[in-house]
Amino acid sequence: MTRVLEVSGLEGGYDKVQIMNGLDLYVDEGEFVTVIGPNGCGKSTFIKIIFGIATYYRGSVKHKGHEVSGWRTDALVNRGIAYVPQVDNVFPSLSVRENLEMGGIHLPTPILEDRIDRSLEMFEDLRPRMNDVAASLSGGQRQMLAISRALINDPEFLLLDEPTAALSPLYQQQIIERIDALRGKGITVLIVEQNARLSLSRSDRGYIFSNGKVVHTAPASEILVDPQINEYFLGTKKD
Ligand SMILES: Nc1ncnc2c1ncn2[C@@H]1O[C@H](COP(=O)(O)OP(=O)(O)OP(=O)(O)O)[C@@H](O)[C@H]1O
Ligand SMILES: [Mg+2]
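Keep in mind that this is a model prediction, so the values were computed, not measured.

K.L.:
Requested: an account of the overall build of the protein chain, with residues and values cited.
P.N.:
Each helix and strand counted, the protein chain has nine helices and 10 strands in total. For the protein chain, the C-alpha atoms occupy an extent of roughly 45 × 40 × 35 Å along the three principal directions. The buried share among the 239 residues of the protein chain stands at 49%. Long-range pairs, those at least 24 residues apart, make up 68% of the contacts in the protein chain between residues at least 6 apart in sequence.

K.L.:
Describe the coordination of the magnesium ion (ligand 2), naming the residues involved and giving the relevant values.
P.N.:
The reference angle at a metal is 109.5 degrees if four donors form a tetrahedron and 90 or 180 degrees if six donors form an octahedron. The coordination sphere of the magnesium ion (ligand 2) contains the protein donors Ser44 (OG) and Gln86 (OE1), at a distance range of 2.0 to 2.2 Å. Residue Ser44 is found in helix α1 (residues 43–50), and its partner Gln86 is found in the loop between β6 (81–84) and α3 (96–102); the two are separated by 42 residues along the sequence. You can call Ser44 buried: its relative accessible area is 17%. Gln86 gets classed as partly exposed once you look at its relative accessible area, which sits at 31%.

K.L.:
Report on the sheet that holds strand β2 (residues 17–28), specifying residues and quantitative values.
P.N.:
With antiparallel pairing, the four strands of this open sheet are ordered in space as β2-β1-β4-β5. Lying at the two open borders of the sheet, with one neighbouring strand each, are β2 and β5 (66–67). The pairing of strand β1 (residues 3–14) with strand β4 (residues 55–63) spans seven bridges and is antiparallel. Bridged to Ser8 within β4 is Ser60. The sheet contacts of α1 involve β1, β2 and β4, and relative to β1 the element is tilted by about 110°.

K.L.:
Would you mind going over the site of ligand 1 in detail, with residue names and values included?
P.N.:
Taken together, 13 residues surround ligand 1, and among them Asn39, Gly40, Lys43, Ser44 and Thr45 come closest. A distance of 2.7 Å separates an oxygen atom of ligand 1 from a polar atom in the side chain of Lys43. Within the contact set of ligand 1, an oxygen atom lies 3.3 Å away from a side-chain nitrogen or oxygen of Gln194. Starting from 640 Å² of accessible surface for ligand 1 in isolation, the protein chains cover 60%.

K.L.:
Give a detailed account of a nonpolar patch on the surface, specifying residues and quantitative values.
P.N.:
A cluster of nonpolar residues, Phe91, Met102 and Ile105, forms a patch on the protein surface that exposes about 300 Å² of accessible area. Structurally, the position occupied by Phe91 is in the loop between β6 and α3. You can call Phe91 partly exposed: its relative accessible area is 38%.

K.L.:
Describe the nonpolar core, listing the residues and the values that go with them.
P.N.:
Core analysis: the biggest nonpolar cluster contains 34 residues, and Leu100, Leu145, Ile147, Leu158, Leu160 and Ile179 have the highest contact counts within it. Elements with a minimum of two residues in this core: β6, α3, α4 (109–120), α5 (139–151), β7 (157–161), α6 (169–181) and β8 (188–192). Here this core gets six residues from one element, more than from any other, and that element is α5. Residues within four places of Ile147 in sequence aside, it is in contact with Val84, Phe123, Leu158, Leu160, Ile175, Ile179 and Leu182. Within the second largest apolar cluster, 28 residues are counted, among which are Val4, Leu5, Leu159 and Val192.

K.L.:
Can you explain α1? Please cite residues and give values.
P.N.:
Of all eight residues in α1, seven are buried, a share of seventy percent or more. Within α1, burial applies to Lys43, Ser44, Thr45, Phe46, Ile47, Ile49 and Ile50. Downstream of α1 by one or two residues, Gly52 has phi in the positive range, about 80°.

K.L.:
Residue-level account of the pattern of salt bridges, with values.
P.N.:
Considering all chains together, one arrives at 17 salt bridges under this definition. Between Glu113 and Arg97 there is a salt bridge, and its shortest N-O distance comes to 3.5 Å. Of this pair, Glu113 sits in helix α4 while Arg97 is found in helix α3, placing the two residues 16 residues apart along the sequence. What makes Glu113 partly exposed here is its relative accessible area of 34%. Here Arg127 and Glu124 are joined by a salt bridge, their closest N and O atoms 2.6 Å apart. On the accessibility criterion, Arg127 (30% relative accessible area) is partly exposed.

What counts as what
Residues numbered from 1 in each chain as written. Chains lettered and ligands numbered in written order. Predicted model: local features only at pLDDT ≥ 70, side-chain atom pairs only at ≥ 80, totals over all residues. Heavy atoms only, no water. Helix = DSSP H or I, 4+ residues; strand = E, 2+ residues; numbered from the N terminus. Buried < 20%, exposed > 50% of the residue type's maximum accessible area, 1.4 Å probe, protein only. Contact = heavy atoms within 4.5 Å. Donors = N, O, S within 2.8 Å, 3.2 Å for Na, K, Ca; no water. Pairing = 2+ DSSP bridges. Axes fitted to C-alpha atoms, helices over the stretch in contact; angles between N-to-C directions. Near = heavy atom within 4 Å. Polar contact = N/O pair within 3.5 Å; in protein donor to acceptor, adjacent residues only side chain to side chain. Areas by Shrake-Rupley, 256 points an atom, 1.4 Å probe, with all protein chains shown as cover. Patch = residues over 30% accessible without salt bridge, like charges linked within 9 Å, V, L, I, M, F, W, Y side chains within 5 Å. Salt bridge = Lys/Arg side-chain N within 4 Å of Asp/Glu carboxyl O. Core = buried A, V, L, I, M, F, W, Y, C linked by side-chain atoms within 4.5 Å.

Set out below in structure tokens:
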């Protein structure tokens with residue numbers, strides 16, 4: 001089993017503002033792993049440090065056994081890592097097609113066309129909207145576009161930051177199902193999700209962050225029935 005991501009003792013933040021305080025986490029090949037935690041605990045910052053967008057201080061980040069801590073984003077993309085940000089993840093004034101092309105701007109045209117076609121296999125709803133500007137899409141379709149764009153580089157490891165935020169329950173369900181289906185295409189998934197119950201129900205394992213650290217980790221099936229976690233993170237609603 002390949003360990004796709006192995007993080008230990010990670011510290012970092014924004015310039016001199018420290019947010020991550022020694023975080024340990026791993027993701028194995030083929031897994032779907034969910035990170036949950038209160039607002040402001042550092043979930044987005046964690047992903048941004050991994051992806052070379054926020055500031056790395058110290059600790060180890062390994063991708064498939066190679067030390068990649070503090071690496072630049074483009075080098076991480078070349079290793080097959082992709083990231084879908086929590087906000088501003090599409091260019092609203094560009095068309096759906098142009099957004100997808102931006103995802104693979106360095107690729108030769110025939111390969112780019114093929115990648116666009118393949119990334120849309122998961123999100124057929126976007127095909128009839130190719131020439132429409134992204135601003136005209138529904139919230140759910142925009143998330144689908146953001147994920148499709150991340151797929152253009154044919155990643156093996158996808159980092160997703162709250163892909164269902166502010167979507168209707170139907171779209172939330174659809175997006176999580178499709179992300180889960182990416183595993184069938186050989187993609188390993190690490191997701192930060194507010195809709196914890198929905199995401200955990202598709203996950204192998206979960207991590208709970210607080211104050212820039214992991215405070216609990218367990219198989220998703222255990223987290224879903226843990227009474228204390230239910231009270232704090234999953235609401236009292238039983239499906
Ligand atoms: N660009 C920035 N510069 C300085 N501090 C920041 C910046 N962005 C976020 N922070 C701070 O970092 C801390 C962690 O924020 P982060 O966005 O990682 O939290 P989060 O767990 O993703 O929260 P949410 O659930 O609201 O998305 C917060 O205190 C936030 O105010
Ligand atoms: Mg966040």
